[in-house]
Amino acid sequence: MKLVYVFDAYCGWSHGFSGTLREVTARHPELPVEVVSGGLFTGTRRVPIREFGYVQGANAKIGELTGAEFGDGYERLIAEGSFVMDSEAAARGVAALRQTAPDRAAELATALQHAFYVDGLSLSDPATYRTVAEATGLNAEAVLAAFAAPETRTTAEIDFRRAAALGVTGFPTLLAVDGDCITPLAYGHATADEVGERLAAVAA
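None of these values were measured; they are calculated from a predicted model. (Residues numbered from 1 in each chain as written. Predicted model: local features only at pLDDT ≥ 70, side-chain atom pairs only at ≥ 80, totals over all residues. Heavy atoms only, no water.)

Chemist: Got a sec to walk through helix α4 (residues 87–100)? Specific residues and values, please.
Modeler: In a regular helix each residue adds 1.5 Å, so 14 residues correspond to 20 Å; α4 covers 20 Å between its end C-alpha atoms and thus fits that length. Turning to α4, its buried residues are S87, E88, A89, A90, A91, R92, G93, V94, A95, A96, L97 and R98. Looking at the buried residues of α4, the elements they touch are β1 (2–7), β2 (33–37), α5 (105–117), α6 (126–135), α7 (140–148) and α8 (150–165). At the N-terminal end of α4, a side-chain oxygen is found 3.0 Å from the backbone nitrogen of E88, two or three residues along, and the residue is D86. (Helix = DSSP H or I, 4+ residues; strand = E, 2+ residues; numbered from the N terminus. Expected span 1.5 Å × (residues − 1). Buried < 20%, exposed > 50% of the residue type's maximum accessible area, 1.4 Å probe, protein only. Contact = heavy atoms within 4.5 Å. Polar contact = N/O pair within 3.5 Å; in protein donor to acceptor, adjacent residues only side chain to side chain.)

Chemist: Explain the nonpolar core residue by residue, including any values.
Modeler: Grouped together as the largest cluster of nonpolar side chains are 54 residues, with contacts concentrated most on F116 and L174. The leading source of residues in this core is α5, at eight residues. Other than its neighbours up to four places away in sequence, F116 contacts Y10, Y74, L77, F83, M85, L121 and L123. Counting residues in each nonpolar core, the second largest holds 10 residues, with C11, V36, L166 and F171 among its members. (Core = buried A, V, L, I, M, F, W, Y, C linked by side-chain atoms within 4.5 Å.)

Chemist: So what's going on with the packing of aromatic side chains? Which residues, and what values?
Modeler: The full count for this structure, using the stated rule, is 12 aromatic pairs. Relative to Y117, the ring of F70 has its centre 5.5 Å away and its plane inclined at 85 degrees; by these criteria the two rings are edge-to-face. Taken together, the residues span a long stretch of sequence, with F70 in the loop between α2 (55–66) and α3 (72–80) and Y117 in helix α5 at a distance of 47 residues. Residue F70 shares its accessibility class with Y117, and that shared class is buried. Aromatic pair Y74 and F116: ring centres 5.2 Å apart, planes at 75 degrees, arrangement edge-to-face. Taken together, the residues Y74 in helix α3 and F116 in helix α5 connect sequence positions 42 residues apart. By the burial criterion, Y74 is buried, and F116 matches it. Counting every residue linked through ring pairs, the aromatic cluster contains Y10, F70, Y74, F83, F116 and Y117. (Phe/Tyr/Trp six-rings, centres within 6.5 Å; stacked < 30°, edge-to-face > 60°.)

Chemist: Report on helix α9 (residues 192–203), specifying residues and quantitative values.
Modeler: The first and last C-alpha atoms of α9 sit 16 Å apart over 12 residues, in line with the 16 Å expected at 1.5 Å per residue. Of all the residues in α9, the buried ones are A192, V195 and L199. Looking straight down α9, one finds that the buried residues subtend no more than 60 degrees of arc, so they occupy a single side. Away from its buried face, by an angle of more than 90 degrees, α9 presents the exposed residues E197 and A201. Residues of α9 that are buried make contact with β1, α1 (12–27), β3 (173–178) and β4 (181–187). (Arc of directions from axis to C-beta.)

Okay, structure coming up:
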């Protein structure tokens, strides 16, 4: 059995789930974790962040429920309003980090969300991946090369198709996958204890 975490790096609820994900993976080191990027902001949804009028209210609710931090750098992006969230670029970044350190995919996904939601760094900017790589002890040049590689764009599209094939319609979604058996463990928000109870039921 493995865990499959389907998220979007530009999804506030995924950012709010980071603490739960860290706790679940710490409690269950025996379970490999596959991280899959969803395509929340692609196509016509790639518009200035000011057009999503619900963002600040949603973030307040996320922070209240999960304790997630939304930093000054991110708040400045919201206030200015012109920033465009591009999930395809973010998925390429996730793929680049995942390729460089496959066994740390969950940790690196949460680090990338911290870069955006706390530090206000663009996930379309190669410099962000240098920052994340250096902060997490990865080879920054390897990460940047992977981010720029044409095949990483293909990998991002494969991720989007994988999320759809798993039946995921919203982010974050945490699944237990054992062969052809797929069991939802969390959708949107859950505590580590709640996930643990569902995992125990799956394993029983």
